[in-house]
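Overview (structure and organization)
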Amino acid sequence: MSTQSLTLNRGMLILVATPIGNLGDLSVRAQEVLRSVDLIACEDTRTTRTLLNAHGIHTPMQALHQHNEHSATPTLIDALQQGKRIALVSDAGTPAISDPGAWLVAAAHAAGVTVQSIPGPNAAITAYAASGFLAEHFVFAGFLPATASKRRATLNTLKGPNPIILYEAPHRVAACLADLNSVFGPTREVLIARELSKKFEEIARLPLADANTWLTQHPHRTQGEFVLIIGPGEPAENIRPEQDQDHVLRTLLDELPVSAAARVAAHLTGASRKNLYARALELQSAAADSADTADSNNPAHSQHNDTSG
Ligand code: SAM
């Protein structure tokens, strides 16, 4: 860790993450960069003006948004090649993450321009950190398609054991949660992170079955900005093939009654206790049948019976 002072070389593109709701979340280094560069390329000059004014920064700005990203990029690359230092920001959060900027960054790499990225706010990571979901990996899916059929089709392609982070617009959040419920099932957990870092921030973790009730509990809950995170599914390594389940059950049945064996097996394999109980009964009766057959075919046993009788 260090608070090394800023050295901006000539001809650099510097991505600067900006607050997602709380103006106080602009880091000291981000402020320093925005104050020192020659130009700030920003999504909406009015939004960035508010941020700059709050920090007494007066650097010139140029709009770079989804509608002019392609046409504005060559001029910015020229300026960078002439030695200008340009910061890139979006309206909120980390630029180029579900926001404009990736086109300019790609062009900078292609032109041999140095790219630097100043870490800072990002809605997805802020929400994920607060989820408490235990998983080794997560999927960042950003915005889903706006139409229900395409949204469900995309969700089906994302199905798997890892948590999935989504951005969703307030007017679609109810429909999206309903689709999540139908694709992932009512018992799968979801994290709803609303208005992060703002006055009415709410973070709720609940089964998908309860999401609509939560959302409609207060009228304001369908407003604002949302990150939705689908919790982890059953870990792939816990979904054992049936032979494995039988092996676990047989081993346990040597030591335990059927109901206890099914309970422990469910814990170990992640499979349904009810199904394991039914299977345990089958295995137990098959074992009893084969023991009877073995007894009746075993001359030593017959002899023993004979002698004891
Ligand atoms: N680049 C941004 C970032 O780094 O997070 C994301 C920009 S994307 C256009 C905007 C979406 O991010 C919103 O629709 C919402 O899903 C999510 N988002 C942004 N700010 C948020 C906040 N304060 N609380 C919850 N979600 C937020």
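Preceding this section is the structure that the text describes.
Below, the structure is looked at part by part. (Residues numbered from 1 in each chain as written. Predicted model: local features only at pLDDT ≥ 70, side-chain atom pairs only at ≥ 80, totals over all residues. Heavy atoms only, no water.)

Regarding the overall build of the chain
When you go through the chain residue by residue, the secondary structure sums to twelve helices and ten strands. Whereas a compact globule of 309 residues would reach a radius of gyration of roughly 19 Å, the chain reaches 30 Å, over 25% beyond that. Its C-alpha atoms give the chain principal-axis dimensions of roughly 105 × 45 × 40 Å. Looking at the chain residue by residue over its 309 residues, the buried ones come to 39%. The long-range share in the chain, meaning contacts at least 24 apart out of those at least 6 apart in sequence, stands at 67%. Summing over all exposed atoms, the chain offers an accessible surface of approximately 16,900 Å²; the carbon and sulfur share of this is 52%. The chain carries 24 positive and 30 negative side-chain charges, and their two centres are separated by 11 Å. (Helix = DSSP H or I, 4+ residues; strand = E, 2+ residues; numbered from the N terminus. Rg over C-alpha atoms; globule rule 2.2 N^0.38 Å. Buried < 20%, exposed > 50% of the residue type's maximum accessible area, 1.4 Å probe, protein only. Contact = heavy atoms within 4.5 Å. Areas by Shrake-Rupley, 256 points an atom, 1.4 Å probe, with all protein chains shown as cover. Lys, Arg positive; Asp, Glu negative; His and termini not counted. Charge placed at Lys NZ, Arg CZ, Asp CG, Glu CD.)

Some points on the site of the ligand
Not every one of the 19 residues close to the ligand is listed here, only the nearest: Ile-97, Asn-122, Ala-123, Tyr-167 and Phe-226. A distance of 3.4 Å separates a nitrogen atom of the ligand from a polar atom in the backbone of Ala-92. At 2.7 Å, a side-chain N or O of Tyr-167 approaches an oxygen atom of the ligand. In the complex, 90% of the free accessible area of the ligand, which totals 570 Å², lies under the protein chains. If you map the ligand onto the pockets, it falls in the largest pocket. Elements represented by at least two residues in the shell around the ligand include exactly β7 (164-168) and β10 (226-230). When its residues are assigned to classes, the shell around the ligand shows ten nonpolar, four polar and five charged. (Near = heavy atom within 4 Å. Polar contact = N/O pair within 3.5 Å; in protein donor to acceptor, adjacent residues only side chain to side chain. 1 Å grid on protein atoms, 1.4 Å probe; cavity = no way out; pocket = protein on both sides within 12 Å on 5 of 7 lines; lining within 4 Å. Sits in = over half its atoms within 2 Å of the grid points. Nonpolar A, V, L, I, M, F, W, Y, C, P; charged D, E, K, R; others polar.)

Structural notes on the sheet that holds strand β8 (residues 189-194)
Spatial ordering of the open sheet is given by β6-β7-β10-β8-β9, a layout of five strands whose pairing is mixed. The open sheet has two free edges, formed respectively by β6 (139-143) and β9 (202-207), since each of these has just one partner strand. Neighbouring strand axes in the sheet, compared pairwise and without regard to direction, differ in orientation by 15° on average. Lying over the sheet, helix α7 (residues 173-184) contacts β7, β8 and β10, oriented at roughly 5° with respect to β10. (Pairing = 2+ DSSP bridges. Axes fitted to C-alpha atoms, helices over the stretch in contact; angles between N-to-C directions.)

Some remarks on the pairing of β6
Within a regular strand, the side chains alternate between the two sheet faces. Bridging between β6 and β7 involves four bridges; their strand directions are parallel. When the bridges of β7 are listed, Phe-140 appears paired with Ile-165. In the classification by handedness, the crossover that spans β6, the intervening helix α6 (residues 148-158) and the parallel β7 is right-handed. (Right-handed = clockwise from strand over helix to strand, strands pointing away.)

A few points about unusual backbone geometry
In this structure, Ala-96 takes a positive phi of about 75° despite not being glycine. Looking at the element boundaries, Ala-96 is found in the loop between β4 (86-89) and α4 (102-110). Given a relative accessible area of 24%, Ala-96 falls into the partly exposed group.

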